[in-house]
Amino acid sequence: MSTAAAPACTIRLAAPDDAAAIAAIYAPIVETTAISFEEVAPDAAEIGRRIEATLGPFPYLVAVGEAGVAGYAYASAYRPRAAYRWSVAVSVYVGEAGRRRGTGAALYRALFAILTRQGYQSAFAGITLPNAASVALHEAVGFRLSGTDPRAGHKFGRWWDVGNFAFAFNPLGDAPEPPRTLQAIGADSVAACLTPAAAR
Ligand SMILES: CC(C)(COP(=O)(O)OP(=O)(O)OC[C@H]1O[C@@H](n2cnc3c(N)ncnc32)[C@H](O)[C@@H]1OP(=O)(O)O)[C@@H](O)C(=O)NCCC(=O)NCCS
């Protein structure tokens, strides 16, 4: 358990104005690591388009502390074919200065609370290996390794394996209703999932 003191973060839905802060958190991940297989860091305008395209069918959340956006998490379609519609892919990023204070876990807790209310059932995360922090976070919130794709990507002159992590967070049974949009579950229902991140 981390002992670092941390300011409490507020978790809320992302807005277009958050795009520049999100782009600043993501750029060093793209430019200096193989955590993301993107090779060119998207600018704020592109992040803004991604936020807009996500919100509706899926949640896109930011954690905001005293210094602004500390991290973000979002869901997206796992695969396009119809029978995958209860499954999502998820991603979480916390700026380097704010890590190990519970922000990533809090973002994921809120994300899964909303996804559960929407009627999604399973989440999948692909983690470029090695990434001890990401593996530990995903296992801490309930994901388990379901397999590894060897040499799935090539970046910075070498091949990278990707660990596939799976989490069935909302066992729905045999005849699930199709997932609903954020608008369909309603702003109050979304707001009820956005509890403040615990300060530790
Ligand atoms: C992975 C990441 C999102 C974790 O965010 P975070 O806010 O630092 O994580 P939290 O503080 O919420 O940690 C929750 C739990 O995850 C585990 N964990 C997180 N970081 C860890 C680390 N560096 N080493 C070991 N365990 C870690 C711990 O179990 C931790 O609980 P604890 O602090 O009570 O022991 C963050 O390190 C990050 O943004 N990394 C770069 C981007 C990335 O890898 N994203 C995932 C892409 S697949």
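Preceding this section is the structure that the text describes.
This write-up is about the structure you can find in this document.

### Points about the packing of aromatic side chains
Describing an aromatic ring pair means giving the distance of the ring centres and the angle of the ring planes. Inspection of the entire model under this criterion finds 15 aromatic pairs. On the basis of an interplanar angle of 80° and a centroid distance of 5.6 Å, the ring pair of Y78 and Y84 is categorised as edge-to-face. A relative accessible area of 26% places Y78 in the partly exposed class. Using a relative accessible area of 30% as the deciding quantity, one classes Y84 as partly exposed. Between F112 and F167 the ring centres are 5.1 Å apart and the planes differ by 80°, which places this aromatic pair in the edge-to-face class. Separated by 55 residues along the polypeptide, F112 in helix α3 (residues 103-118) and F167 in strand β7 (residues 158-168) bring together distant segments of the chain.

### With respect to the pattern of salt bridges
Taken as a whole and judged by the stated rule, the model has 4 salt bridges. The salt bridge partner of D18 is R12, with a shortest N-O separation of 2.8 Å. Relative accessible area serves as the criterion here: at 6%, D18 is assigned to the buried category. Residue R12 is classed as partly exposed on the basis of its relative accessible area of 32%. E38 serves as the salt-bridge partner of R50, at 2.9 Å between the closest nitrogen and oxygen. Here the residue R50 occupies a position in helix α2 (residues 44-54), and E38 occupies one in the loop between α1 (19-32) and α2, the gap between them amounting to 12 residues. Since its relative accessible area comes to 24%, E38 is described here as partly exposed. Among the ionic contacts, a cluster of salt bridges with common partners joins E38, E46, R49 and R50.

### What to know about the site of the ligand
The environment of the ligand is formed by 22 residues, the closest being V94, R100, G102, G104 and N131. Between the ligand and the protein, one listed contact pairs a nitrogen atom with a backbone N or O atom of V92 at 2.8 Å. The backbone of V94 places a nitrogen or oxygen atom 2.8 Å from an oxygen atom of the ligand. Elements with a minimum of two residues in the shell around the ligand: β4 (87-94), α3, β5 (122-129) and α4 (132-141). Considering every element that reaches the shell around the ligand, the biggest residue donor is α4, with 4 residues. Here the shell around the ligand is composed, by residue class, of 11 nonpolar, 7 polar and 4 charged.

### Side note on the nonpolar core
Of all hydrophobic cores here, the largest spans 36 residues; its most connected members are V90, Y108, F112, L115 and F143. Taken together, the elements giving at least two residues each to this core come down to β2 (60-65), β3 (68-77), β4, α3, β5, α4, β7 and α5 (182-185). Among the elements that take part in this core, α3 stands out by supplying 9 residues, more than any other.

### Comments concerning the sheet that holds β5
One open sheet holds the 7 strands; their spatial order is β1-β2-β3-β4-β5-β7-β6, and the pairing between them is mixed. Two strands close off the open sheet at either side, each with one partner strand: β1 (10-13) and β6 (144-155). The average undirected angle you get between the axes of adjacent strands in this sheet is 25°. By the bridge criterion, 8 bridges tie β5 to β7 in an arrangement that is antiparallel. Across the sheet, residue F124 finds its bridge partner in β7, namely A166. Across the sheet, α3 lies against β1, β2, β3, β4, β5 and β7, angled at about 155° from β4, the strand it touches most. Lying on the sheet, α4 is in contact with β4, β5, β6 and β7; it crosses β5 at an angle near 160°.

### What to know about α4
Looking only at α4, the buried set comprises S134, V135, L137, H138 and V141. Axial view of α4: buried residues confined to an arc of 165°, hence all on one face. For α4, exposure combined with an orientation more than 90 degrees from the buried face picks out A132, A133 and A140. Summarising the contacts, the buried residues of α4 are in contact with β4, α3, β5 and β7. The first or second residue beyond α4 is G142, which carries a positive phi of 125°.

Conventions adopted
- Residues numbered from 1 in each chain as written.
- Predicted model: local features only at pLDDT ≥ 70, side-chain atom pairs only at ≥ 80, totals over all residues.
- Heavy atoms only, no water.
- Phe/Tyr/Trp six-rings, centres within 6.5 Å; stacked < 30°, edge-to-face > 60°.
- Buried < 20%, exposed > 50% of the residue type's maximum accessible area, 1.4 Å probe, protein only.
- Helix = DSSP H or I, 4+ residues; strand = E, 2+ residues; numbered from the N terminus.
- Salt bridge = Lys/Arg side-chain N within 4 Å of Asp/Glu carboxyl O.
- Near = heavy atom within 4 Å.
- Polar contact = N/O pair within 3.5 Å; in protein donor to acceptor, adjacent residues only side chain to side chain.
- Nonpolar A, V, L, I, M, F, W, Y, C, P; charged D, E, K, R; others polar.
- Core = buried A, V, L, I, M, F, W, Y, C linked by side-chain atoms within 4.5 Å.
- Pairing = 2+ DSSP bridges.
- Axes fitted to C-alpha atoms, helices over the stretch in contact; angles between N-to-C directions.
- Contact = heavy atoms within 4.5 Å.
- Arc of directions from axis to C-beta.

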